[in-house]
Amino acid sequence: LPLMSESFRAKTERDLETLRRDAPPPSEYAGVTTRVLSVAESVYDLPRGAAAFRASVQKSEVKGAASPTITYPAIDVTLVREGGAWKVDSAVWQ
């Protein structure tokens, strides 16, 4: 959360509260490992304090004793300059 913009952090905290309240506790192990394969910059505007990029990743998801499911999605990430540091303002899976 410290690497998120204030608005993205607040949204994420609300989403986590909802999940904790509404989702049943997991009955088995679940894990996700994500590895970045490539990054393509689409916007870098230092005077405005804004940047955006798309990362192509390998995502491995496992539940219980099952073999992992491997996918190759992309994620679009926007950054803003906040308090003198670059912070994530959104991250959207494609």
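Residues numbered from 1 in each chain as written. Predicted model: local features only at pLDDT ≥ 70, side-chain atom pairs only at ≥ 80, totals over all residues. Heavy atoms only, no water.

J.: Before we go on, may I ask you to explain the side chain of Lys59 in this structure?
T.: Following the sequence through the fold, Lys59 ends up in strand β2 (residues 50-63). Look at Lys59: it is buried, it has no salt bridge, and the nearest opposite charge is Glu61 at 4.1 Å. With near-sequence residues (within four places) excluded, Lys59 lies in contact with Val32, Thr33, Thr34, Thr69, Ile70, Thr71, Pro73 and Trp93. (Helix = DSSP H or I, 4+ residues; strand = E, 2+ residues; numbered from the N terminus. Buried < 20%, exposed > 50% of the residue type's maximum accessible area, 1.4 Å probe, protein only. Lys, Arg positive; Asp, Glu negative; His and termini not counted. Salt bridge = Lys/Arg side-chain N within 4 Å of Asp/Glu carboxyl O. Contact = heavy atoms within 4.5 Å.)

J.: How do you make sense of the nonpolar core when you look at a structure like this?
T.: Here is a general trend for soluble globular proteins: nonpolar side chains tend to be buried in one another's company. Ala51, Ala55, Val57, Ile75, Val77 and Leu79 form the largest nonpolar core, which has six residues in total. If you list the elements that add at least two residues to this core, you get β2 and β4 (74-82). What Ala51 contacts, discounting residues up to four positions off in sequence, is Val43, Tyr44, Val77, Thr78, Leu79 and Trp86. (Core = buried A, V, L, I, M, F, W, Y, C linked by side-chain atoms within 4.5 Å.)

J.: Is there a simple way to think about the side chain of Thr12 in this case?
T.: With respect to the helices and strands, the residue Thr12 is situated in helix α1 (residues 6-22). Here Thr12 falls in the buried class, since its relative accessible area comes to 17%. Setting aside chain neighbours within four positions, we find Thr12 in contact with Leu1 and Met4.

J.: What's the story with the environment of Trp93 in this structure? I'm lost.
T.: In this fold, Trp93 is placed in strand β5 (residues 85-93). Residue classification places Trp93 among the partly exposed residues on the basis of a relative accessible area of 40%. Linking Trp93 and Ala55, residues 38 residues apart in sequence, is a C-alpha distance of 9.6 Å. If we ignore the near neighbours within four places in the chain, the residues touching Trp93 are Thr34, Val57, Lys59, Pro73, Ala74 and Ile75.

Structural measurements only, silent on function.
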